[in-house]
Amino acid sequence: LYDGPRAVPVSFALWPMLAALAVAAAGPAVSLPLLARWRGGPALAAVAAAVVHGASIVGQHYVAMTAMRLAAVRTHDPGGVLVAVAVAVGGALLA
């Protein structure tokens, strides 16, 4: 926790944080059974599960970001969001 002269106080709203937790839990709950039961071949199953799991990672992050309460302006660059999606899906596929 940074408490220097330029620190910005941060708190988190309960309901959006609980929603972020639910999104994070839903990813593996859907992607792992999808991976186990997919009938389209193992490569396609891995890609489908990675997309679902990656989407839950990105969703959890951005939902949790909405829970932040701070005296600052939050912005989302569309290019940065696309990079976040690519990294999450790619990481899930590698896992």
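Residues numbered from 1 in each chain as written. Predicted model: local features only at pLDDT ≥ 70, side-chain atom pairs only at ≥ 80, totals over all residues. Heavy atoms only, no water.

Novice: For the overall build of the chain, give the residues involved together with the corresponding values.
Specialist: Scanning the chain from N- to C-terminus turns up three helices and two strands. Starting at the N terminus and walking to the C terminus, you meet the elements of the chain as β-α-α-β-α. At 17 Å, the chain has a C-alpha radius of gyration far larger than the 12 Å of a compact globule built from 95 residues. The dimensions of the chain, computed from C-alpha atoms along their principal axes, are 55 × 25 × 20 Å. (Helix = DSSP H or I, 4+ residues; strand = E, 2+ residues; numbered from the N terminus. Rg over C-alpha atoms; globule rule 2.2 N^0.38 Å.)

Novice: Lay out the environment of alanine 50 with the relevant residues and their values.
Specialist: Turning to its location among the elements, alanine 50 is positioned in helix H2 (residues 42-67). On the basis of relative accessible area, alanine 50 is assigned to the buried category, the value being 3%. Taking the C-alpha atoms as reference points, alanine 50 and leucine 35, separated by 15 residues in sequence, lie 8.9 Å from one another. Not counting residues up to four positions away in its chain, the partners in contact with alanine 50 are Val89, Ala92 and Leu93. (Buried < 20%, exposed > 50% of the residue type's maximum accessible area, 1.4 Å probe, protein only. Contact = heavy atoms within 4.5 Å.)

Novice: Talk me through H2; I want residue IDs and the actual numbers.
Specialist: In this model, H2 (26 residues) spans 37 Å end to end at C-alpha, consistent with the 38 Å of a helix rising 1.5 Å per residue. Those residues of H2 not exposed but buried are Ala45, Ala48, Ala49, Ala50, Gly54, Ser56, Val58, Ala64 and Ala67. Looking at the buried positions of H2, the neighbouring elements they touch are strand S1 (10-12), helix H1 (14-37), strand S2 (68-70) and helix H3 (78-94). (Expected span 1.5 Å × (residues − 1).)

Novice: Outline the side chain of serine 56, supporting the account with residue identities and numerical values.
Specialist: Structurally, the position occupied by serine 56 is in helix H2. A distance of 2.7 Å separates a polar atom in the side chain of serine 56 from the backbone oxygen of histidine 53. With sequence-adjacent residues up to four places away left out, serine 56 is seen in contact with Val23 and Gly27. (Polar contact = N/O pair within 3.5 Å; in protein donor to acceptor, adjacent residues only side chain to side chain.)

Novice: Summarise the packing of H1 against H2; cite the residues concerned and give the values.
Specialist: At a minimum axis distance of 8 Å, the contact between H1 and H2 shows a crossing angle of 175°. The angle between H1 and H2 places the two elements in the roughly antiparallel class. Looking at side-chain class alone, the contact of H1 with H2 contains 18 nonpolar, seven polar and no charged residues. (Axes fitted to C-alpha atoms, helices over the stretch in contact; angles between N-to-C directions. Parallel < 35°, antiparallel > 145°, perpendicular 65-115°, else oblique. Nonpolar A, V, L, I, M, F, W, Y, C, P; charged D, E, K, R; others polar.)

Novice: Account for the environment of histidine 53, naming residues and giving values.
Specialist: Counting through the fold element by element, histidine 53 comes out in helix H2. Sequence-wise, histidine 53 and alanine 19 are 34 residues apart; in three dimensions their C-alpha atoms are separated by 16 Å. Not counting residues up to four positions away in its chain, the partners in contact with histidine 53 are Gly27, Pro28, Ser31 and Ala92.

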